[in-house]
Every structure is written in structure tokens, then in C-alpha cells.
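# Topology and contacts: notes
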Amino acid sequence: MAVLNREIADIFSKTADFLEIKGENPFKVRAYRNAARIIQNMGRSLESLVEEGFDLTRLPGIGQDLASYIEEIVKTGKFSKLEELKKELPEGLEELLSIEGLGPKRIRTLYETFHITSLKDLAKVAESGEIYKLKGFGPKLVEKILKGIRLAKKSGRRFRFDVAKPYAEDLRAYLSKFEGVLRVEVAGSYRRRKETVGDLDILVVSDNWEKTSDYFVKYPKVKEIVSKGETRSTIILNNDLQVDLRSVPKESYGSALHYFTGSKAHNIKIRKMAIDRGWKINEYGIFEGDRKIAGESEEQMYEMMGLCFIEPELREDRGEIEACLKHSLPKLINLSDIKGDLHIHTTYTDGKASIKEMASKAYEKGYKYIAITDHSKHLTVAKGLDEKRLLEQIEEIEKLNEELDIEILKGIECDILEDGSLDLSDEVLKRLDVVLGAVHFKFNLSKEKQTDRVIRAIKNPYLNIIAHPTGRVIGHRNAYELDMDRIFEVCAKEGVFLEINAQPERLDLNDILAREAKNRGVKLSIATDSHDIGCLDFMEYGVNQARRGWIEREDVINTLDLKDLKRLLKRGR
Ligand code: DGT
Ligand code: CA
Ligand code: CA
């Protein structure tokens, strides 16, 4: 059974957290954490490297010990050291780690002083004010913690799309290879490519449901079998993700797929239309009296309803049915439309790969261009570039451009300072091909001040794109206060673009804002914000979000040829 890089990385970072909560040697903690980061962003599968007999110590950050741990995890799916740690520490500490502002060190303090082992305990001491007795716990931090608790409760147990994806795809492959299974599809919010999924809804057509269901619950990553029934079985995976498997008759495949893809709101609207025509619609088909008139395929279902095929990403009852009737559905952008990536970090700042490595990987992906956009000097934790080092980078890029078959655009992810000025001088920004502006601190300004800040940046004639415009991090940090209406207006006027940051924890702009931007005449850049070569694959998540936002190829600047793109980026240069 495949062990994914992501699983190994998660195991190591959890081990690091637990060791730190226990107060173990910081060097040991750091070694696990580094390894987790490297593995997560690696392009190659560790499992296959182990199978090939590759010497893992040749990888950066991986010594003898870690190499043998990786082998253990690949072979057994588990890490005995982490299992031991879990036994030593109270169970609830794990959920505390998801709260912004609480790292392992603070959790350790809370545990040692108040014996806090759950979100409930935490809420109690935070609300009562007792928490202020601890050194370093001021009002700002406590406010953040309380907000984190509310957010954790609200998001319930939802899983980020990229976390669910390897499991969904592994299960699809696992089920597809079983004898007698004719079709498998992952429906639900997963098929609609939502940024988070509550659970996975898998449909199968098979000639023997009982055997298929037995096989399903034997999936190696199962933690718990919830139910095994006549047409449906449910399991919980090791990471607590729930999976429903449903048996579907071949002749109802289309109607079942439509029903279980949802969304519920979309389904309800379609059902009303059917009722208006005197029909009945359910997961078995469309019926006129007792006679089934459609159901084998989704296309057939939509056709019978007088509609064209509506892509799953649009099925949210946000006007897609009306648009279809008016023949004005968008022709959604595809991953293959993307010609380059306009947000990339390198070892100049906090990236893990060199300019050349990033460029070569991008070339392999078939891109025509990339922009190198490292951090600017204000972001000291990321070794942000000052004018002098940026000029050195420009020089290196110019040399590489003579040598490589992909165009490297000279860029920067420039901090937007509190007053809305940019972190680097106009003289140096002018020399770049593309300037991203980003808010990385002072998230808590008033709506008016934050909006003024960003608008002042947009008005700088060398700025081209606002990176991750709202600053939200899924399940972790809300968007900062921003008057998007005003932002759209000024962007459209100034010829500044907004980013859909494709990092799966950001996806910022989200679907709804991306659609609004488009409607307000603002073009978008879909970009990965890569910090290593593996991250270039995040583009898929950004495109998913764009599709959910009704975005077409023409709305996205990095679908353009280099020449046309450069013209758009010229602005005041
Ligand atoms: P999730 O799992 O919360 O991310 O969202 P979904 O959309 O996957 O929802 P889920 O798993 O509860 O149900 C899967 C699909 O089944 C849903 O998208 C539409 C369909 N469905 C579920 N309940 C109902 C219902 O009461 N009425 C209708 N028409 N469809 C339903
Ligand atoms: Ca679901
Ligand atoms: Ca479900």
C-alpha cells in the first residue's frame, strides 16, 4: 500500500511537536521539522526511493536516523517513536496545536501550569482571564487564541482538499483494481473541488456489492468501520476522514453521480424544475410516472431537463442553471491553459531550491516563463532582499536567461508597509519585470486603514499584482478587514491584477471573490507561491478555485504568451 510523502511529513512534524511539548532537545526537534518540510515539498516519492534501494542520507537534511525512520514508515505505515510519544502525552493536546498563536512551547506551559489538555479547558482559562498569569500571555495573544477556538469549532472536522486528495485518489485506484468493479467515482464536494471537504462520497458500479464492500472495509488505512449495509458502507480513515461508499446500479449511474455530486442547493433547484414538468427525480433517474426517462449518464440527465452539461465546480446554485438556460455559462479555464507561474521563491530568501532548479522544473512542466519573486527586506525572518541583493539576483537571472529555454522574469514579492508605501525603492522596482505587493504584518488595522494601505500600494506605478489579497489561511486565520469593492475599482482603473494564490492552505482570492473581481473587470494571476520544486504542482488547486469562481482563460494573465504578458506588466516602466 502506497505511503505518501505527505503522510511521512505529517508524522515527522507531529513527532517534532510532541517532542517539543515534552521539552526535549531542540536540535532533535528541529531535525524532524526540517525533514518534514523537505519531504513535503519533494518531487519524488520516498516510497519508490526506498524500494529502489536509494541511499536516503543523500537527501538534504536526512541523516542515518531519519533515513531508517523513513524506511520504517514506508514498510509498516507507522512510526514507533511517535506511537510511544502519543501514549505518554494526553490525547487532547493534539487539537490545541491547530490554534493560531499556540505552538508546542506555549502548549507545554499551559499543560504544566493549568493541566490543559483540550480546547474546552483552554477556553475556560482564556475566558476567565486566569491565562494572564502566564508569562508572555498578553491580551493580544489571548484574543487570538479565543478567535482560534471559535474558528476551530466552526470549521468542525473539515479536511483541506489537498489533504483529502491523496486518500481519495488512492481509494479510487484501490477500488478500481478489484474484480467486478466496473466504475468508480469520487462524488460530493470533492468532485466539486471545494477547498475543504467534510467527507468523501464514493460511488461504485460492481457486479458483486457484498464482496466489494468487504474489500472496501479492508482498506489498509482504515481506523474504524462505521457501518456495512445493503447499498452503503462507511469507514473512518487513520486521519479521521470519513468515507462513504455507495453501490449504484449501472443503469442509474448518471443520476446517482448527479445526486451525490451535489451541491444540495443545486440538486434542489433541478428537482423543482423536474416537478414543474410533472416528473420525479432522484438518485435512480428521472421518472415520468413509473417510466424511467433518463439516468444512465449525467449528460443525459441534463439534456432531458433542457440544460447543457454543467461542470461540477459550478454546481452551487449560484446562477449556473439560469446562465445555462441563457447560453451564457462560462467556458472554464483548464490547467493546460496555464503558460507560466508568477510567484516563486528561491534560496535567495526562504525557498529551498535555486533559481535554476525552479526554472528547470517549470520548463519540464511545459511552462514558457516564470517570475522569481523573493521576499523584500522587511521580512527579516525570511532573509528578505534589500536593494543590493536584489540587484545581484537580477544579474544572475539575466545570465540564466541567456542559457535556458524558459524566460525568467525578474520580480519581487514586496512588502506593503503600514502606510502603504513599498518596502523597496522605485529605482530598483523599475528594473524588474513584475512586482507583487503583499501584506505580511499589521493584519489587524481597521477596514478603512487596511484598504487605504493596499490602495496606496496599488497606485505605485511599478506594482503589478497583489499577492494573496485577503491574507486568510484556511481553518487558521480569517481574512483581514478589506473593502474589496474599493480594491476592485482601483485595480481595474490602474491595470493591477489580483492573485489567486494556489497554496492549498491559502486559495486566496477564494471562489466568490475571484468571480467578483472578474465581474468588476479585474484580471487575475494564478500562482503557486512555490518554496520548492514540488510546490509548482499547487497550480492545480489554484485552477480548481478559479473554476469554482467561473473564471475563463481570458481572465487570467498567465495564460498569455510572454510577449502579451510583458506588455500588460509594463505599467509605469
Ligand atoms: P461536504 O461533505 O460537507 O464537504 O459536502 P458534500 O456536498 O459532499 O455533502 P454530503 O457529503 O453531505 O452529501 C453528498 C451529496 O449528496 C451532496 O452534495 C448532495 C447530496 N445530498 C445529500 N443530502 C441531500 C439532500 O438532503 N437532498 C439532496 N437533494 N441532495 C442531498
Ligand atoms: Ca461529502
Ligand atoms: Ca457524505
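Residues numbered from 1 in each chain as written. Chains lettered and ligands numbered in written order. Predicted model: local features only at pLDDT ≥ 70, side-chain atom pairs only at ≥ 80, totals over all residues. Heavy atoms only, no water.

### Digging into the domain arrangement of the protein
The condition that has to hold: The split of the chain into domains comes from an automatic or database domain assignment. Any two residues whose heavy atoms approach within 4.5 Å are treated as being in contact. In short, buried area is how much 1.4 Å probe accessible area vanishes from two parts on joining, totalled over both.
The domain architecture assigned to the protein consists of domain 1 (5-155), domain 2 (159-248), domain 3 (264-325) and domain 4 (335-569). For domain 3 and domain 4, the distance between their C-alpha centres works out to 40 Å. At the interface, eight residues of domain 3 touch six residues of domain 4. Here domain 3 and domain 4 share an interface that buries about 700 Å² over both sides, 44% of which is from carbon and sulfur atoms.

### Looking at the sheet that holds strand E17 (residues 524-527)
The following threshold applies: Here the rule is simple: two strands pair whenever DSSP picks up at least two bridges between them. Helical segments are the DSSP runs of H or I of at least four residues, strand segments are the runs of E of at least two, and each set is numbered from the N terminus. Note on method: axes are straight lines fitted to C-alpha atoms, helices fitted across the in-contact stretch only, with angles between N-to-C directions ranging 0 to 180 degrees.
An order of E11-E12-E13-E14-E15-E16-E17 is seen for the seven strands of this open sheet, with the pairing classed as parallel. Two strands in the sheet have a free side with no partner beyond their single neighbour: strand E11 (340-344) and E17. Note that strand E12 (residues 369-375) and strand E13 (residues 407-415) share seven bridges and pair parallel. Bridge assignment links Thr-373 to a residue of E13, and that residue is Gly-411. Against the sheet, helix H17 (residues 355-364) engages E11, E12 and E13, with an angle of about 145° to E12. Here helix H18 (residues 387-403) sits on the sheet in contact with E12 and E13, set at roughly 160° to E13.

### Re the coordination of the calcium ion (ligand 2)
Put simply, the rule is: In this description, a donor is an N, O or S atom within 2.8 Å of the metal centre, a cutoff extended to 3.2 Å for sodium, potassium and calcium. Water is not part of the atom list, which can make sites seem incomplete. Angular criteria define each label, namely tetrahedral for four donors with all angles between 85 and 135 degrees, square planar for four and octahedral for six donors with opposite donors over 155 degrees apart and remaining angles between 65 and 115, and irregular for whatever fails these tests.
Within the protein, Asp-199 (O), Asp-199 (OD) and Asp-201 (OD) serve as the donor atoms for the calcium ion (ligand 2), at 2.2 to 2.8 Å. Taken together, the six donor atoms coordinating the calcium ion (ligand 2) span angles of 68 to 163° at the metal, a pattern that classifies the geometry as irregular.

### Quick word on the coordination of the calcium ion (ligand 3)
Rules: In this scheme, a residue with accessible area under 20% of its type's maximum is buried, one over 50% is exposed, and one in between is partly exposed, where area comes from a 1.4 Å probe on protein chains only.
Donor atoms from the polypeptide that bind the calcium ion (ligand 3) are Asp-199 (OD), Asp-199 (OD), Asp-201 (OD) and Asp-244 (OD), placed at 2.2 to 2.9 Å. Written as a sequence motif, the donor arrangement for the calcium ion (ligand 3) is D-x1-D-x42-D. Between the calcium ion (ligand 3) and the calcium ion (ligand 2), both coordinated by Asp-199, there is a metal-metal distance of 3.8 Å. Taken together, the positions of Asp-201 in strand E4 (residues 200-206) and Asp-244 in strand E7 (residues 242-247) put the pair 43 residues apart, joining distant regions of the chain. In this pair, the class of Asp-201 matches that of Asp-244, namely buried.

### What to know about the pairing of strand E5 (residues 222-228)
A regular strand places its side chains on the two faces of the sheet in alternate fashion. Where E5 lies against strand E6 (residues 232-237), five bridges are found, and the strand directions are antiparallel. Among the inter-strand pairings, Glu-224 is bridged to a residue of E6, identified as Ile-236. Here E5 folds back onto E6 in antiparallel fashion, the turn holding three residues.

### What to know about the site of ligand 1
To be explicit about the condition: Near, as used in this document, describes a residue that has one of its heavy atoms within 4 Å of the molecule or strand being considered. Working definition of accessibility: Shrake-Rupley area with a 1.4 Å probe, residue cover restricted to the visible protein chains. Classes in brief: Ala, Val, Leu, Ile, Met, Phe, Trp, Tyr, Cys and Pro nonpolar; Asp, Glu, Lys and Arg charged; the others, Gly included, polar.
Taken together, 16 residues lie near ligand 1, and Arg-158, Ser-189, Arg-192, Gly-198 and Asp-199 sit nearest. Compared with its free state, where it exposes 590 Å², ligand 1 has 72% of that area covered by protein. For the shell around ligand 1, the secondary-structure elements that each account for two or more residues are helix H11 (188-191), helix H13 (253-261) and helix H14 (264-276). For the shell around ligand 1, the per-class residue count stands at three nonpolar, seven polar and six charged. Each of domain 2 (159-248) and domain 3 (264-325) contributes no fewer than three residues to the shell around ligand 1.

### Some remarks on the pairing of E6
Among the six residues of E6, five are classified as buried, and the element is accordingly described as predominantly covered. The pairing of E6 with E7 spans five bridges and is antiparallel. Within the sheet, the bridge partner assigned to Arg-232 lies in E7 and is Arg-246. Between the antiparallel neighbours E6 and E7 lie four residues, among them Asp-240 with a positive phi of about 80°.

### Notes on the packing of helix H1 (residues 5-22) against helix H2 (residues 26-41)
Quick reminder of the rule: For classification purposes, angles smaller than 35 degrees are called roughly parallel, those larger than 145 roughly antiparallel, those between 65 and 115 roughly perpendicular, and all remaining angles oblique. Crossing handedness follows the turn of the near helix against the far one: under a right angle anticlockwise gives a left-handed crossing, and clockwise gives a right-handed one.
Two numbers describe how H1 lies on H2: the axes approach to 8 Å, and their chain directions differ by 160°. Considering the angle they form, H1 stands roughly antiparallel to H2. Handedness of the crossing formed by H1 with H2: left-handed. Every residue of H2 that contacts H1 at Asn-5, Arg-6, Ile-8, Ala-9, Phe-12, Ser-13, Thr-15, Ala-16, Asp-17, Leu-19 and Glu-20 is listed here: Lys-28, Val-29, Tyr-32, Arg-33, Ala-35, Ala-36, Ile-39 and Gln-40. For the contact of H1 with H2, a count of residues per class yields ten nonpolar, four polar and five charged.

### Some points on the packing of aromatic side chains
Heads up, the rule is: When the centres of two rings from Phe, Tyr and Trp lie within 6.5 Å, Trp using its six-membered ring, the rings pair. Their planes under 30 degrees apart give stacked, over 60 give edge-to-face, and anything left gives tilted. For a lysine, the NZ atom is tested; for an arginine, the CZ atom; a charge sits over a ring if that atom is within 6 Å of the ring centre and within 35 degrees of the ring normal.
Counting across every chain of the model gives 14 aromatic pairs. When the ring of Tyr-302 is compared with that of Phe-309, the centres are 5.9 Å apart and the planes differ by 80°; the resulting orientation is edge-to-face. Through a chain of ring-to-ring contacts, three or more aromatic side chains come together here, namely Phe-12, Tyr-32, Tyr-69 and Phe-79. Looking at Arg-44, its charged tip hangs above the ring of Phe-54, at a distance of 5.8 Å from the centre. Note that Lys-280 overlies the ring of Phe-287, its terminal NZ or CZ placed 5.5 Å from the centroid.

### Some points on a positive patch on the surface
Worth spelling out the cut-off: Patch definition: residues above 30% relative accessible area lacking any salt bridge, with like charges linked at up to 9 Å and the nonpolar side chains Val, Leu, Ile, Met, Phe, Trp and Tyr linked at up to 5 Å. Take a side-chain nitrogen of Lys or Arg and a carboxyl oxygen of Asp or Glu: if they are within 4 Å of each other, that pair is a salt bridge. In summary, the charge assignment counts Lys and Arg as positive and Asp and Glu as negative, without counting His or the chain termini. For this purpose, a charge sits on NZ of Lys, CZ of Arg, CG of Asp or CD of Glu.
Positive charge collects at one region of the surface, where Arg-37, Lys-352, Lys-383 and Arg-389 lie side by side. With respect to the helices and strands, the residue Lys-383 is situated in the loop between E12 and H18.

### Considerations on unusual backbone geometry
It is generally the case that most residues other than glycine have a negative phi and that most peptide bonds are trans. The omega angle of the peptide bond from Gly-262 to Ser-263 is -5°, so this bond is cis rather than trans. Relative to the helices and strands, Ser-263 is located in the loop between H13 and H14. The amide bond that connects Asp-508 to the next residue, Leu-509, takes the cis arrangement and shows omega of 5°. Here Leu-509 lies in the loop between strand E16 (497-501) and helix H22 (511-519). Of note in the backbone geometry, Lys-442 takes a positive phi value of approximately 55° without being a glycine. With respect to the helices and strands, the residue Lys-442 is situated in the loop between strand E14 (434-438) and helix H20 (447-459).

### Some words on helix H7 (residues 104-114)
Applicable threshold: Picture the helix axis, draw a direction to every C-beta atom, and the arc is the one those directions span.
If you check which residues of H7 are buried, you get Pro-104, Ile-107, Leu-110 and Tyr-111. Looking straight down H7, one finds its buried side chains confined to an arc of 120°; they lie on one side. Set apart from the buried face of H7 by more than 90 degrees, the exposed residues are Lys-105 and Glu-112. Buried-residue contacts for H7 involve H1, H2, helix H6 (93-96) and helix H8 (119-128). Immediately downstream of H7, the backbone of His-115 shows phi near 60°, a positive value.

### Some details on the sheet that holds strand E8 (residues 280-282)
Taken in spatial order, the three strands of this open sheet run E8-E9-E10, and their pairing is antiparallel. This sheet does not close on itself; its edge strands, each paired only once, are E8 and strand E10 (291-294). Averaged over all pairs of adjacent strands, the angle between strand axes in this sheet comes to 35°, irrespective of strand direction. Looking at chain direction, strand E9 (residues 285-288) and E10 are connected through three bridges and run antiparallel. Counterpart to Ile-286 in the pairing with E10 is Ala-294.

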